[in-house]
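# Analysis of the macromolecular model
Listed below, chain by chain, are the residues.
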Amino acid sequence: MILEVATINIKPGTNAEFETNLQAAQGVISQAKGYLGHQFHHCIEVPSRYVLLIRWASLEDHTEGFRSSNLFVEWRALIGPFFDGPPNVEHFSLKFEN
């Protein structure tokens, strides 16, 4: 399992619209091959910042499968207009869990 961590800064004052569109975008990404689930967090200190945690079966399911699919185009069309710069995206592998 791979964890994608995306830090997203949105244009100030667009939180309500962004979150509404994100609801729709969740239905899109959940159709992707290798998608295992996600969590979405809103920053307390910086109201225009969010962190999206997405679990993928493999790195390739995200970087090659999803990103090169029509689902990604649909996903980005829903939430991309709210971005204040490109998201910072990193991938992590689990080392241990308690």
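This one's a predicted model, so the numbers in the text were calculated from it and none came from an experiment.

Turning our attention to the pairing of strand S3 (residues 49–56). Here strand S1 (residues 2–9) runs beside S3; their pairing, made up of 8 bridges, is antiparallel. What sits directly across from Ile 8, in S3, is Tyr 50. The pairing of strand S2 (residues 35–42) with S3 spans 7 bridges and is classified as antiparallel. Paired with Tyr 35 across the strands is Trp 56, a residue of S3. The antiparallel pairing of S2 with S3 creates a hairpin that spans 6 residues between the two strands.

The next point concerns the sheet that holds S1. Reading across from one edge, S2-S3-S1-S4 is the order of the 4 strands in this open sheet, with antiparallel pairing throughout. Among the strands making up the open sheet, the edge pair consists of S2 and strand S4 (88–93). The average angle at which neighbouring strand axes cross in this sheet is 20°, direction not considered. Where helix H2 (residues 59–66) meets the sheet, it contacts S1, S3 and S4, and its direction lies at approximately 145° from that of S4.

Right, let's get into the nonpolar core. Ranked by internal contacts, the top residues of the largest apolar core, which has 21 residues, are Ile 8, Phe 18, Ile 29, Trp 56, Phe 66, Trp 75 and Ile 79. Put simply, the parts of the chain that give this core at least two residues each are S1, helix H1 (15–29), S3 and helix H3 (70–79). If you tally residues by element for this core, the top one is H1, at 5 residues. Ignoring anything within four residues of it in the chain, the contact list for Ile 29 reads Tyr 35, Ile 54, Trp 56, Phe 66 and Trp 75.

Tallied over the full model, the rule gives 1 salt bridge. Notably, a salt bridge pairs Asp 61 with Lys 33, separated by 3.1 Å at the nearest N-O pair. Remark: Lys 33 occurs in the loop between H1 and S2 and Asp 61 occurs in helix H2; sequence separation between them is 28 residues. Here Lys 33 falls in the exposed class, since its relative accessible area comes to 67%.

Parameters and conventions
- Residues numbered from 1 in each chain as written.
- Predicted model: local features only at pLDDT ≥ 70, side-chain atom pairs only at ≥ 80, totals over all residues.
- Heavy atoms only, no water.
- Pairing = 2+ DSSP bridges.
- Helix = DSSP H or I, 4+ residues; strand = E, 2+ residues; numbered from the N terminus.
- Axes fitted to C-alpha atoms, helices over the stretch in contact; angles between N-to-C directions.
- Contact = heavy atoms within 4.5 Å.
- Core = buried A, V, L, I, M, F, W, Y, C linked by side-chain atoms within 4.5 Å.
- Buried < 20%, exposed > 50% of the residue type's maximum accessible area, 1.4 Å probe, protein only.
- Salt bridge = Lys/Arg side-chain N within 4 Å of Asp/Glu carboxyl O.

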